[in-house]
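Here are the chains, one letter per residue:
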Amino acid sequence: MTSPDPATLRLFVLVCEERSMGRAAERVHLVASAVSKRLAALEERMGVPLLQRRRHGMEPTAAGLALLEHARSILADCERLDRDMAAFAQGVRGQVRVLATASALAGSLAQDVAAFLRAPQHHDIRIDLEERVSNEVVRGIRQGGASLGLCWDSPFGADLSGLATQPYRQDHLAVVLPQGHPLAAGHQGQPEALRFADTLAFEHVVLPVNAAVTRLLQRQAAALGHNLRWRVVVSNFESALNVVQAGLAISVLPQEMVLPYAQIRQLTVRPLQEPWAARRLAICMRNQADLPPAATLLLQHLVAVARAA
């Protein structure tokens, strides 16, 4: 079986999005019969029905849904390929793709990359940053989808075995509390830091369950004989702060990310007094010796600024 071409996959995605052959055809300036013919040939090639006509329009079958997911991924890769080649055509001499967790991006990574790009000797280098959860960062590096990945180096993080790594910066988990919360004031004579056990009587706002920090908190709560009670699941730190500020829940987040916004949002940030609260971020790659020159320069810069910090 030969693989479908990107143009046919794009037509299939458009029909799924528009739920109509006619509207999909209009978007690519074709007649509906031409689109129908291309998709019929695609179904014949795949050997299964991909689309079905419903009361409200065209819908993908179960096989069509599977193809839709693959098609979107393939088309995204094609777009990155076009962009990367265009960059080289315009004179960019280096292209580095970096996958990073939300913790890394919310910390110092963006500033470190910006400092690298400001150096005159790097003005012909282009760096693309993409946010992923830890497991997806590692998967992307293993599959060759990026040169460098940044994620949490811990037994509770992604499996870095078989990859080359370099240490990056640290962050420290802290409890973020709304104004007036019982834990916000602390207790006389007790230290400013909180134990994780103190938080388990309250509802949390957490990142997705596949995020490394959420897996860690669940594991630590279970070790204390509790379940982590979450009220809200969000996809990013900004949303977590919004939920805490509204008084709906508390959260455990990297202190370095939260502190710049704490005063503006009237939040209380209390360090987490646990041995696992200090986290080391790692830079991972398939093989350091095989990195392209631009990626090697970026790696050296990130390692150097991390050591200086």
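The coordinates are above.
A.B. asks: I would appreciate a short explanation of the overall build of the protein chain in the present structure.
C.D. replies: When helices and strands are counted, the protein chain shows 11 helices and 11 strands. When contacts within the protein chain are restricted to residue pairs at least 6 apart in sequence, long-range pairs at least 24 apart make up 73% of them. About 16,300 Å² of surface is accessible on the protein chain, with carbon and sulfur atoms providing 50% of the total. Taking the average place of the 32 positive charges on the side chains of the protein chain and the average place of its 28 negative ones, the gap between the two points comes to 2 Å.

A.B. asks: Hey, could you run me through the layout of surface pockets in this one?
C.D. replies: Rolled over the atoms, a probe with the dimensions of a water molecule shows which regions are left empty. As a volume, the second largest pocket reaches approximately 300 Å³. In terms of lining, the second largest pocket is formed by 22 residues, of which the most central are Ala106, Gly107, Ser108, Glu256 and Met257. Top element by residues in the lining of the second largest pocket is strand 6 (residues 164-177). It accounts for 5 residues. When grouped by side-chain class, the residues that make up the lining of the second largest pocket number 12 nonpolar, 6 polar and 4 charged.

A.B. asks: I would appreciate a short explanation of a nonpolar patch on the surface in the present structure.
C.D. replies: There is a patch of nonpolar side chains on the surface, built from Val209, Trp230 and Val233 and spanning about 250 Å² of accessible area. Assignment of secondary structure puts Val209 in the loop between strand 7 (204-206) and helix 8 (212-223).

A.B. asks: Would you explain unusual backbone geometry in this entry?
C.D. replies: Glycine aside, residues mostly have negative phi, and peptide bonds are mostly found in the trans state. A positive phi angle, near 60°, is found at Arg19, a position not held by glycine. Relative to the assigned elements, Arg19 resides in the loop between helix 1 (6-18) and helix 2 (21-27). With a phi angle near 60°, Gln266 is a residue other than glycine that sits in the positive phi range.

Calculation criteria
- Residues numbered from 1 in each chain as written.
- Predicted model: local features only at pLDDT ≥ 70, side-chain atom pairs only at ≥ 80, totals over all residues.
- Heavy atoms only, no water.
- Helix = DSSP H or I, 4+ residues; strand = E, 2+ residues; numbered from the N terminus.
- Contact = heavy atoms within 4.5 Å.
- Areas by Shrake-Rupley, 256 points an atom, 1.4 Å probe, with all protein chains shown as cover.
- Lys, Arg positive; Asp, Glu negative; His and termini not counted.
- Charge placed at Lys NZ, Arg CZ, Asp CG, Glu CD.
- 1 Å grid on protein atoms, 1.4 Å probe; cavity = no way out; pocket = protein on both sides within 12 Å on 5 of 7 lines; lining within 4 Å.
- Points joined across faces, edges and corners; volume = space filled by probe spheres on them.
- Nonpolar A, V, L, I, M, F, W, Y, C, P; charged D, E, K, R; others polar.
- Patch = residues over 30% accessible without salt bridge, like charges linked within 9 Å, V, L, I, M, F, W, Y side chains within 5 Å.
- Salt bridge = Lys/Arg side-chain N within 4 Å of Asp/Glu carboxyl O.

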